[in-house]
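Topology and contacts: notes
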Amino acid sequence: MGGRAEDSGEHELAAELDVSRATVREALRGLSVTGLLEARIGDGTYVRATNEITGVLVRDDLSALEHVLDARAGLEAAAARLAAQHATPAALADLAASFEARKLAHDAGDRAGYSHADGLFHRAVIHAGGNPLLIRLHAAVAELIEESIEQTAVLPEDPEVGAAHARLLHAIQERQPDAAAGAAYALSASVKSAAVPE
């Protein structure tokens, strides 16, 4: 926010909320400090994140692809182990459906559909584990995870990446916790090796 555009925007927001411009200015400053907003002088104010956790990660420059992929590996391996132990029939159906949607989009060359289905597959793994804390942690960093999926989605995919997804699904379906956790780590490693140069 800068100059007259800033003054105009603050004035409109203050009037709409029935508060003073000083209150609006202080609120915007606070949201910028938390990393939720980014003020660009002369250009305006932009949303950087939609929750405080993602805001802090972006603000503190902790959102590098390599770091996100490593964090995803731990989160998804823990959830995969739990999913192999506790997944309900409905959760297993969601996993299978998202896996199939991912494959269909890949085969059709639909990169956007492929990225979306891949995100649904990984979300289904987290939810199949049934641990409410892991589900909330995943939701808190969902923006970064979705961005990492978008950054690493390549068509045609590396065959090892597709095979790793299949092994993860199979291990969960066969109720093999150790194999599921190992498959989740291997999947993350295969994505990372394809996307992050040594």
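Residues numbered from 1 in each chain as written. Predicted model: local features only at pLDDT ≥ 70, side-chain atom pairs only at ≥ 80, totals over all residues. Heavy atoms only, no water.

Attention now goes to the side chain of arginine 72. Among the structural elements, arginine 72 can be located in helix α4 (residues 65-86). Residues within four places of arginine 72 in sequence aside, it is in contact with Ala77, His122, Ile145, Ser148, Ile149 and Ser188. (Helix = DSSP H or I, 4+ residues; strand = E, 2+ residues; numbered from the N terminus. Contact = heavy atoms within 4.5 Å.)

Okay, the packing of aromatic side chains next. Taken as a whole, this structure holds 1 aromatic pair when the rule is applied. Taken together, a centroid distance of 6.1 Å and an interplanar angle of 55° make the contact between phenylalanine 99 and phenylalanine 121 tilted. Linking phenylalanine 99 in helix α5 (residues 89-108) with phenylalanine 121 in helix α6 (residues 111-129), this pair joins segments that are 22 residues apart in sequence. Of the two residues, phenylalanine 99 and phenylalanine 121, neither departs from the other in class, the shared state being buried. (Phe/Tyr/Trp six-rings, centres within 6.5 Å; stacked < 30°, edge-to-face > 60°. Buried < 20%, exposed > 50% of the residue type's maximum accessible area, 1.4 Å probe, protein only.)

The next thing to look at is the environment of glutamate 76. For glutamate 76, the location among the structural elements is in helix α4. Once the C-alpha coordinates of glutamate 76 and alanine 181 are considered, the two residues, 105 residues apart in sequence, prove to be 7.8 Å apart. For glutamate 76, the contacting residues outside a window of four places in its chain are His122, Val125, Ile126 and Ala184.

Moving on: unusual backbone geometry. With an omega dihedral of -10°, the bond running from leucine 155 to proline 156 counts as a cis peptide bond. In the Ramachandran plot, arginine 175 falls in the positive-phi region, its phi being about 60° despite a non-glycine side chain. Looking at the element boundaries, arginine 175 is found in the loop between α9 (159-173) and α10 (177-195). Arginine 175 sits in the partly exposed class, given a relative accessible area of 37%.

Here we come to the packing of α4 against α9. For the pair α4 and α9, the least separation of the axes is 7 Å and the interaxial angle reads 40°. In terms of axis orientation, α4 runs oblique to α9. Of the residues in α9, those touching α4 at Ala80, Ala83 and Ala84 are Leu168, Ala171 and Ile172. By residue class, the composition of the contact of α4 with α9 is 6 nonpolar, no polar and no charged. (Axes fitted to C-alpha atoms, helices over the stretch in contact; angles between N-to-C directions. Parallel < 35°, antiparallel > 145°, perpendicular 65-115°, else oblique. Nonpolar A, V, L, I, M, F, W, Y, C, P; charged D, E, K, R; others polar.)

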